[in-house]
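One letter stands for each residue in the lines below.
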Amino acid sequence: MNLEILKKLNIQECLKLVEVMNTNIPDPMYVWDLEEDKIYFTKMVSENFVLQPKESMGFELQEILNLTYPLDRPRIEKQIFRIANGLERDFVVEYRMVNRKGKRVWINNKGQQITIENGERRVIIGCCSTSVFDTRVDKLTGLSLGLNWREDLLSVVEEGSQGHLFIADVDDLAAINAQKGRAYGDKVLQEIANVLEKHLGQWNGIYRLSGDRFAVILQHANQERATAFYEKVRLDLAKLCTLSVGAAGFNMGESRTLQELLQYAETALVKAKKHGKNVICFFSTEQYNRYLTQINLQDEIRTSILNDCEGFFVCYQPLVDGKNFSLLGAEALLRYRSPNRGLMSPGEFIMLLERTGMICPVGKWILREALKQCMEWRKVIPDFRVSVNVSYVQLNQDGFGREVLEVLEELGAPGEALTLEITESMHLRDFEKFNKIFSLWKQAGIYIAVDDFGTGYSSLSYLKKLQFDIIKIDQCFVSEVTESAYNYRLISTVQELATFSRIRICLEGVETEKQLRLLNDLQPDIYQGYLFSRPVEAPLFTSSFVDNGADAYADYNQKVQRFTSLDAKERMLDSHLLWNLMYDDPGYDVVRSNSENILRDLELGLWIIRMAPNVKLYELFLDKNCSEIMAVSKALSPQECYAHWSDRVCPECQHYVLQMLAKMVNSGKIVQLEYNWQHPKFGIVRVRSVGIRTADSNGMVTLKGYHRVISNIIQTSFLDGGE
């Protein structure tokens with residue numbers, strides 16, 4: 001265009017020249033008279049926008065501004081101000097206008113400022129193009145497509161601006177489309193775009209990457225502000241859909257390449273999906289390193305499986321008879337020695353095996369290896385059984401029930417040689433399906449054990465609906481049995497229920513003789529734990545438990561002799577000292593003996609209760625130590641003494657204490673209870689009592705036992721002092 005010619009034209013002549021130029025251009029051109037703030041278009045823009053058709057007369061600038069999408073208007077007004085005040089010459093801006101259908105239309109406006117009428121009038125000649133956005137803007141949402149977003153992100157990072165990159169994914173969009181139709185799903189996507197832009201306050205920085213995925217470049221936002229932004233978006237979308245978001249920070253102190261930043265945000269998004277969706281997860285270098293470690297370990301184990309499970313090996317832990325401590329069998333426990341990491345904890349690889357399904361080939365391998373070894377040991381111990389853990393993933397595998405029988409047949413092993421352990425915390429809800437598998441195994445002589453009993457849900461209901469032969473009570477209950485009356489009662493209750501149901505009980509995690517002394521009273525069928533042996537490889541297991549000529553075998557036999565000789569003199573004070581120190585004679589002035597000093601030093605007091613509930617008569621007799629411990633006045637009568645004790649049992653424990661007293665009366669067995677008690681001097685204290693019913697006296701039910709405050713007792717394990 002010859003600017004010298006234009007300078008001599010008036011406004012109408014300039015407009016006619018532009019109309020001629022516009023004949024070969026699809027987008028409308030315009031002449032913007034800066035002196036009168038009027039815009040003349042060369043084509044009928046009023047066909048697309050809500051304007052009265054008056055192109056030849058020109059539109060007021062404000063009329064055009066009124067059609068601009070509100071969020072974009074401040075940016076255009078700023079540009080107009082700069083041009084009007086001579087701060088800029090050319091008008092170059094991208095924005096959105098609202099057409100007659102109410103939809104936003106992207107406009108690329110480029111204009112050049114010139115003077116006409118011999119330099120007396122300033123105008124801008126330009127073009128409003130929509131076609132340039134055909135490949136840059138998503139037609140459904142109006143957001144930028146993901147073609148150039150990496151370049152935009154790189155520009156933001158390189159300029160040093162801090163912030164976060166969001167990768168947002170619509171949760172279950174396919175389900176939304178299937179349930180309500182694709183048109184509704186499209187409206188959901190459009191609303192997501194609107195909400196993101198609303199809370200970001202601008203259109204640039206938001207991108208639609210794919211059908212259900214968006215990206216947001218959130219500048220000048222730390223983690224707290226980024227979380228607040230997400231929460232606002234989530235709240236606005238709550239009735240339509242949910243979004244999972246992965247976020248990675250840039251220029252936040254760590255040097256990250258563009259590729260790393262994208263990868264980190266994607267990794268955080270995967271984590272958000274795994275955490276139940278509808279959450280935001282921020283990238284953590286530590287977590288990412290763990291993720292990479294898992295990926296590398298997964299590849300390593302996959303290679304191991306292809307090489308006949310190279311690196312995996314089996315350890316065995318003895319299963320001991322609860323009556324005489326003889327060897328019944330062993331549990332086969334999977335171990336893995338990594339070529340890169342060395343010996344690994346089962347917690348590091350078992351979940352990976354289950355999550356990837358690789359537990360199926362590895363599970364079959366350990367079943368075969370354990371049965372091979374079992375058949376060798378059965379040559380010496382004919383009834384020896386090996387226990388092998390079965391994963392829920394294996395149990396759900398088609399044909400797994402038959403696969404187990406095929407391994408038995410392949411090795412010539414009887415079903416009686418095998419126990420399969422099912423973890424109780426599995427979702428064993430499909431009772432009918434699993435019982436069919438269990439029935440198939442039981443017909444072959446295989447035992448079914450439920451492992452980790454007490455750690456899952458509806459534990460007792462499994463006993464009624466699934467065909468178990470053995471219950472293995474989890475070690476978390478056994479390990480604290482000497483300190484927790486609740487654990488003792490739970491084990492005792494399950495023992496009684498199992499005996500009634502003809503199910504055997506195995507107590508896992510027995511580690512100390514202190515535990516064993518107490519558990520012996522329950523007479524479980526099977527023991528397992530470090531007290532007998534840690535899991536060991538087959539050669540050491542053979543020498544310790546099978547080969548009666550080995551030194552290790554002799555060492556274990558000495559242990560067995562010690563276990564079987566745990567008589568009353570050696571029993572622990574908290575459960576049995578009373579019965580060694582108290583006389584059978586229920587004289588109510590408790591007889592002092594040489595053990596009185598021991599009782600005093602241990603802060604252990606002896607009591608006897610007589611009761612005649614039918615006439616509401618209750619009496620409590622205390623020895624000197626118990627009177628001091630309970631701060632009872634010597635002047636109190638036996639009935640007042642009973643009231644002094646019973647009235648101070650804390651309200652939340654009263655029902656429980658009455659239940660335990662009734663159990664002493666009705667069972668004739670030793671009963672231990674723990675409860676909170678309001679001490680006259682020291683406030684609420686924790687009390688342990690042990691009692692038993694003795695011969696009735698003067699027609700009254702008689703109980704005897706001990707009372708001990710345990711709040712200030714230091715309790716240690718048998719092994720704490722070393723060997």
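Position labels on residues start from 1 in each chain and follow its written sequence. A pLDDT threshold of at least 70 governs which residues receive local features in this predicted model, and a stricter bar of 80 or more applies before side-chain atom pairs are shown or counted, although totals over entire chains, interfaces and linings include all residues. Side-chain measures were taken over the full set of non-hydrogen atoms in the model, leaving aside hydrogen atoms and water.

### Description of the packing of aromatic side chains
To describe a pair of aromatic rings, one takes the distance between the centres and the angle between the planes.
Phase 1 of the analysis: Only Phe, Tyr and Trp rings are paired, with Trp represented by its six-membered ring, and only when their centres lie within 6.5 Å; those with planes under 30 degrees apart are stacked, over 60 edge-to-face, the remainder tilted. Scanning the model with the defined rule gives 27 aromatic pairs in all.
Phase 2 of the analysis: On the numbers, 4.9 Å between centres and 70° between planes, the contact of F545 with Y556 is edge-to-face. In this pair, F545 sits in helix α20 (residues 538-546) while Y556 sits in helix α21 (residues 551-564), placing the two residues 11 residues apart along the sequence. Neither residue differs from the other here; F545 and Y556 are each classed as buried.
Phase 3 of the analysis: An aromatic cluster is defined as three or more aromatic residues linked by ring pairs; in this entry it consists of Y316, W377, F384, F541, F545 and Y556.
Phase 4 of the analysis: Lysine and arginine charges are scored as sitting over a ring when NZ or CZ, respectively, is within 6 Å of the ring centre and within 35 degrees of the ring normal. One residue, R104, lies across the ring of Y69, its end atom 4.7 Å from the ring centre. By the criteria applied, helices consist of DSSP H or I runs no shorter than four residues and strands consist of E runs no shorter than two, each listed in order from the N terminus. Each residue is placed in one exposure class: buried if its accessible area under a 1.4 Å probe, protein chains only, is under 20% of its type's maximum, exposed if it is over 50%, and partly exposed if it falls in between.

### As for the nonpolar core
Phase 1 of the analysis: Buried Ala, Val, Leu, Ile, Met, Phe, Trp, Tyr and Cys residues form a nonpolar core when they are joined through side-chain atoms within 4.5 Å. In terms of nonpolar packing, the biggest core is built from 84 residues, with I301, F312, Y316, L418, W441, F532 and F541 touching the most fellow members.
Phase 2 of the analysis: The biggest single contributor to this core is helix α12 (residues 359-377), with 10 residues.
Phase 3 of the analysis: Setting aside chain neighbours within four positions, we find F541 in contact with Y316, Q317, P318, L327, G329, A330, W377, F384, V536 and V546. The contact criterion used is simple: two residues touch if any of their non-hydrogen atoms lie within 4.5 Å.

### Considerations on helix α7 (residues 182-200)
Phase 1 of the analysis: What a helix is expected to span follows from its residue count: subtract one and scale by 1.5 Å. Here α7 spans 27 Å end to end across 19 residues, near enough to the 27 Å set by a 1.5 Å rise per residue.
Phase 2 of the analysis: Where α7 is concerned, the buried positions are G185, V188, L189, I192, A193, V195, L196, E197 and L200.
Phase 3 of the analysis: One or two steps after α7, the chain reaches G201, where phi turns positive at roughly 85°.

### Some words on the pattern of salt bridges
Phase 1 of the analysis: Put simply, a salt bridge is a Lys or Arg side-chain nitrogen that is within 4 Å of an Asp or Glu carboxyl oxygen. For the structure shown, the criterion picks out 31 salt bridges.
Phase 2 of the analysis: A salt bridge links E619 to R610; the nearest nitrogen and oxygen atoms lie 2.9 Å apart. The burial state of E619 is the same as that of R610; both residues are buried.

### Here we look at the pairing of strand β17 (residues 418-423)
Phase 1 of the analysis: With five of six residues buried, β17 is to be regarded as a mostly interior element.
Phase 2 of the analysis: A pair of strands is labelled paired if DSSP reports no fewer than 2 bridges between them. Pairing geometry for strand β16 (residues 385-390) and β17, over five bridges, is parallel. Its bridge partner being in β17, S387 is matched across the sheet by T419.
Phase 3 of the analysis: Relative to strand β18 (residues 447-453), β17 runs parallel, the two being bridged by five bridges. Counted as the bridge partner of I422 is V450 from β18.

### Quick word on the packing of α12 against helix α14 (residues 400-411)
Phase 1 of the analysis: One can describe the packing of α12 onto α14 by two numbers: an axis separation of 10 Å at closest approach and a directional angle of 35°. Regarding α12 and α14, the two cross each other, and that crossing is right-handed. Contacts between α12 and α14 involve K364, L367, R368, L371 and K372 on the former and, on the latter, E403, V404, V407, L408, E410 and L411.
Phase 2 of the analysis: Looking at the contact of α12 with α14 residue by residue, the classes come out as six nonpolar, no polar and five charged. Lines fitted to C-alpha atoms define the axes here, with helix axes fitted over just the stretch in contact, and angles between the N-to-C directions of these axes take values from 0 to 180 degrees. Each crossing gets its handedness from the near helix: less than a right angle anticlockwise from the far helix is left-handed, clockwise is right-handed. Under the scheme applied, nonpolar residues are Ala, Val, Leu, Ile, Met, Phe, Trp, Tyr, Cys and Pro; charged residues are Asp, Glu, Lys and Arg; polar residues are all the others, including Gly.

### With respect to the sheet that holds strand β2 (residues 38-41)
Phase 1 of the analysis: Pairing is antiparallel across the open sheet formed by six strands, whose spatial order is β3-β2-β1-β6-β5-β4. Each end of this open sheet is capped by a strand with a single partner; those strands are β3 (59-60) and β4 (91-98).
Phase 2 of the analysis: Summarising the sheet, strand β1 (residues 29-33) and β2 pair through four bridges and their orientation is antiparallel. Each residue of the ladder has a partner; that of W32, found in β2, is I39.
Phase 3 of the analysis: Strand contacts of helix α2 (residues 11-21): β1, β2, β5 (104-116) and β6 (121-129), with the helix running at about 165° to β1, the strand carrying the most contacts.

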